[in-house]
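Summary of the model geometry
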Amino acid sequence: MKIIALLLGALIALGIAAHGQDKPETPKLPDDVVMLRNLPYGTGGGRPLTMHLLKPKKPLRQYAPVIVFIHGGAWYEGGKDDGLSHLTRFVQRGYIGATIDYRLTGEAIFPAQIEDCKCAIRYLRAHSVEYGLDPDHIGVWGESAGGHLAALLGVSLNDKSLEGKGGLEKYSSRVQAVVDCYGPTDLLKIGRYPSEIKHDAADSAESRLIGGPIQENKDKAIKASPITYVGKDSPPFLILHGDKDPIVPLNQSELLASALKKAKIEVTFYVVKGGGHGFGGPEIDAMIASFFDKHLIKEKVERPQTSEPKL
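One structure accompanies this document, and this report is about it.

Definitions and limits used
Residues numbered from 1 in each chain as written. Predicted model: local features only at pLDDT ≥ 70, side-chain atom pairs only at ≥ 80, totals over all residues. Heavy atoms only, no water. Buried < 20%, exposed > 50% of the residue type's maximum accessible area, 1.4 Å probe, protein only. Helix = DSSP H or I, 4+ residues; strand = E, 2+ residues; numbered from the N terminus. Pairing = 2+ DSSP bridges. Expected span 1.5 Å × (residues − 1). Phe/Tyr/Trp six-rings, centres within 6.5 Å; stacked < 30°, edge-to-face > 60°. Lys, Arg positive; Asp, Glu negative; His and termini not counted. Salt bridge = Lys/Arg side-chain N within 4 Å of Asp/Glu carboxyl O. Contact = heavy atoms within 4.5 Å. Axes fitted to C-alpha atoms, helices over the stretch in contact; angles between N-to-C directions. Core = buried A, V, L, I, M, F, W, Y, C linked by side-chain atoms within 4.5 Å.

What follows deals with the pairing of strand S3 (residues 64–70). Along S3, seven of the seven residues are buried, which leaves the element largely enclosed by surrounding structure. Sheet topology note: the S3/strand S5 (residues 133–143) ladder contains six bridges and is parallel. By the bridge assignment for S5, Ile67 is matched with Gly139. The pairing of S3 with strand S4 (residues 96–100) spans five bridges and is parallel. In the strand pairing of S4, Val68 is matched with Ala98.

Next up on the list: helix H3 (residues 112–126). Between its first and last C-alpha, H3 extends 21 Å over 15 residues, near the 21 Å set by a 1.5 Å rise per residue. Among the 15 residues in H3, 15 count as buried, and that is most of the element.

Bringing the packing of aromatic side chains into the picture now. Under the definition given, this model contains eight aromatic pairs. For the pair Phe90 and Tyr95, a centre-to-centre distance of 5.6 Å together with 85° between the ring planes defines the contact as edge-to-face. A relative accessible area of 1% places Phe90 in the buried class. We classify Tyr95 as buried; its relative accessible area is 1%. Centroid distance Tyr182 to Phe279: 5.3 Å. Interplanar angle 65°. Geometry classified as edge-to-face. Taken together, the positions of Tyr182 in the loop between strand S6 (177–181) and helix H6 (205–210) and Phe279 in the loop between strand S8 (267–272) and helix H9 (282–296) put the pair 97 residues apart, joining distant regions of the chain. The class of Phe279 is partly exposed, set by a relative accessible area of 22%. Through successive ring pairs, a cluster of aromatic residues spans Phe69, Phe90, Tyr95, Trp141, Phe291 and Phe292.

Let us look at the environment of Ile70. Topologically, Ile70 is positioned in strand S3. Considered as a pair, Ile70 and Ser144 are 74 residues apart in the sequence and their alpha carbons are 9.5 Å apart.

We now examine the side chain of His52. Topologically, His52 is positioned in strand S2 (residues 47–56). Accessibility expressed as a relative area gives 0% for His52, which makes it buried.

As a further point, take the side chain of Glu206. Examined against the element boundaries, Glu206 turns out to sit in helix H6. Nearest to the buried, unbridged Glu206 among oppositely charged side chains is Arg208, at 7.6 Å. Apart from the residues lying within four places of it in its own chain, the contact partners of Glu206 are Trp75, Pro184, Leu187, Ile190, His199 and Ile214.

With mixed pairing, the eight strands of this open sheet are ordered in space as S1-S2-S4-S3-S5-S6-S7-S8. Edge positions in the sheet fall to strand S1 (33–44) and S8, since each has one partner strand and no second. On average, adjacent strands in this sheet sit at an angle of 20° to one another, irrespective of strand direction. Most of the contacts of H3 go to S1, to which it runs at about 120°, and overall it touches S1, S2, S3, S4 and S5.

We now examine the nonpolar core. Counting 55 residues, the largest nonpolar core has Met51, Val68, Ile70, Leu124 and Phe237 as the members making the most contacts within it. Counting 25 residues, the second largest nonpolar core, distinct from the first, contains Val91, Trp141, Ala177 and Ala289.

In structure tokens:
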């Protein structure tokens, strides 16, 4: 009986991990930040999708700008708790923050991941009055796989095939600013540059994302690449990448920055000298804060008009 109980416990744990659910212990938040936990924002693959919403205990604005954080983890691990520490300092300054779960590759292949992210944006926009957020000033921020999804959210606003059927399809999934930290941007080219990862291999994270080897599924790889969708309607971007990144080659961010500039989109591309696959510090924090402040904060925000969908 003990062996059966242990096996059942292991299976339950694996099931939780596969769905990207919360870790057993949620990071403690400051007293001036309020968290609405596990809000169902839509459905994916027939199951509920959830987010955490962080709000200042004493709002500084009637309708606050929003930052949505998308976690990394090679599209097959991680969860919405991973973004809480990133957003806390912004919420203390008057923002509303959201961290979201999305279907991981152990559950579904692309485009499930971006469909879920777009559904989360639509949910926030549809519930803007209820949560006191500004539906016209929503920014998105992601790292690694989350950076890929954040970038894809920003540039694919005109591609209806990536919207999915998770709910609230009449609302827009448009975002007004993107922070992409070392995210893959061109899956067909990612394997051409030095890396500790064989990205074109059948078992790479990118291949698992699209359901087969990258170079044998070029159409799928193109559809999953943010660079495919860059156009004149793309929002402003801040792209950060370490020049010593051993996982995602620096060239991936160089390609996206170049495409955005060619489309005449405002883009700031910052190379972190000596930075690996993950970095931080006061200079990086200040750069991200300055970018979001510039593009998301309005001195006065009138009551959002959400009686009709914003398309």
